[in-house]
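# Examination of the molecular architecture
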Amino acid sequence: MTAEARAGQAFETAFGAAPDGIVFAPGRVNLIGDHVDYNDGLVLPMPLALGTAVAWRRTAQPGFAALAADYPGTPYRFDSAAAPPAGDGWHSMVHGMAALLHEDSPFEGGLELAIAGNLPRGSGLSSSASLCIATGRAIMAAGHAADTSPRRLALIAQQVEHRFAGVACGIMDQMVIAAGRPGAAMLLDCRTLEHSHVALPADWSVLVIQSGVVRELVEGAYNTRRAQCESAARKLGLASLRDVDPSGLDVTRLDSVEARRARHVVTEIERTRQAAAAIAAQDIATLGVLMREAHASMRDLFEASHPEVDRQVALINAAIGPAGGARITGGGFGGAIVAILEAAAEPDVLAALRRAGIGAGESAEAVSRACP
């Protein structure tokens, strides 16, 4: 059952009538450029076919009532003009989007919401940003908030993560979910938010493979890495590591940890630039080399991988061969692996994954495809 169908079914069960409408926001996979968004760098994500659906209905009475199909219980009721509780899971995300949109343009009346998604939680595919953007789209579709631009919606969703989830994330996830195009990667400048869309060749496949290692950003590793990058930039006398000349990184003023973090960010920004050019040139071999280098950098310099993920990435790269590559994706510390390969090779690679016990073959829980 699709996320939209599940959301509609959950709505009718909870509220006793059909919704007025259903909206959808995709998840995202980052092809290359991890942990550079909050360093003002370049990233190359694309939307997924999986994501979050929200069924909605306007009510005459003020107040919101929201429920999540995956979490049985009574609807969560709240006032959109009131600040949400911090760190309260999906409640904080939904309440936070309503509160910040209300701050942008106060609205009257109420709304009932039912949420359903098919993004595996803890996989690094940005289920939280997908939930925020889908909630914002539902509120706007109901006419409860001014119809804002994708960029503005992305910035509001980022603030929800900062203020109410305790995750000091960059803008990548929200921007590609709000403004991405199916079948294309978004080359996004995280400093200016300027972006372009780079279409992937029709004879390539993009697979997102669940490693089975659940990650948890709010335990502090993500925020610690961000603080280390900011400290390195200050010691170098720069606004951010984006301003480092790739050919002249001087780490003598940095401690050993900061030096590794800085090397990752500086080289990853350059790899991202090269990867976009490789896609545009339909050069899958060069793209594969860049992806393998990016994984090694996440593992050795940023120390944001996991031994089991490293093992799986090595096996997937061996199965793909020179025409493509695989790497950890997202915030790291577990989660998902992204692989790009020739479409003709996909059946053999999936068979090799099954033999190696990686994921669960071709089930939606294990292997998903980027938007066609």
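Let us look at the structure shown here. (Residues numbered from 1 in each chain as written. Predicted model: local features only at pLDDT ≥ 70, side-chain atom pairs only at ≥ 80, totals over all residues. Heavy atoms only, no water.)

Even without being glycine, D40 reaches a positive phi, approximately 65°. Turning to its location among the elements, D40 is positioned in the loop between strand 1 (21–30) and strand 2 (42–43). We classify D40 as partly exposed; its relative accessible area is 22%. (Helix = DSSP H or I, 4+ residues; strand = E, 2+ residues; numbered from the N terminus. Buried < 20%, exposed > 50% of the residue type's maximum accessible area, 1.4 Å probe, protein only.)

Attention now moves to the side chain of S205. By secondary structure assignment, the location of S205 is in strand 9 (residues 204–210). Within the structure, S205 has its side chain in polar contact with the side chain of E346 (distance 2.7 Å). In this structure S205 touches A339, I340, L341, E342, A343 and E346, once residues within four positions along its chain are discounted. (Polar contact = N/O pair within 3.5 Å; in protein donor to acceptor, adjacent residues only side chain to side chain. Contact = heavy atoms within 4.5 Å.)

This next bit is on the pairing of strand 3 (residues 45–59). Of all 15 residues that make up strand 3, twelve are buried, and the element is covered over most of its length. Of the pairings in the sheet, the one linking strand 1 to strand 3 comprises nine bridges and is antiparallel in character. Residue pairing in the sheet places G21 in a bridge with W56 of strand 3. As paired strands, strand 3 and strand 6 (residues 110–117) are joined by eight bridges and run antiparallel to one another. When the bridges of strand 6 are listed, A53 appears paired with A116. (Pairing = 2+ DSSP bridges.)

To continue, consider the sheet that holds strand 3. If you trace the five strands from one edge of the open sheet to the other, you get 1-3-6-4-5, paired in mixed fashion. Two strands lie at the open edges of the sheet, namely strand 1 and strand 5 (71–78), each paired on one side alone. Taking the axes of each pair of neighbouring strands and ignoring which way they run, one obtains an average angle of 20° across the sheet. Strand direction decides the pairing type here: strand 4 (residues 63–68) and strand 6, joined by six bridges, are parallel. Bridge assignment links F64 to a residue of strand 6, and that residue is L111. Along the sheet, helix 2 (residues 90–104) contacts strand 4, strand 5 and strand 6; its crossing angle with strand 5, the most-contacted strand, is approximately 30°. (Axes fitted to C-alpha atoms, helices over the stretch in contact; angles between N-to-C directions.)

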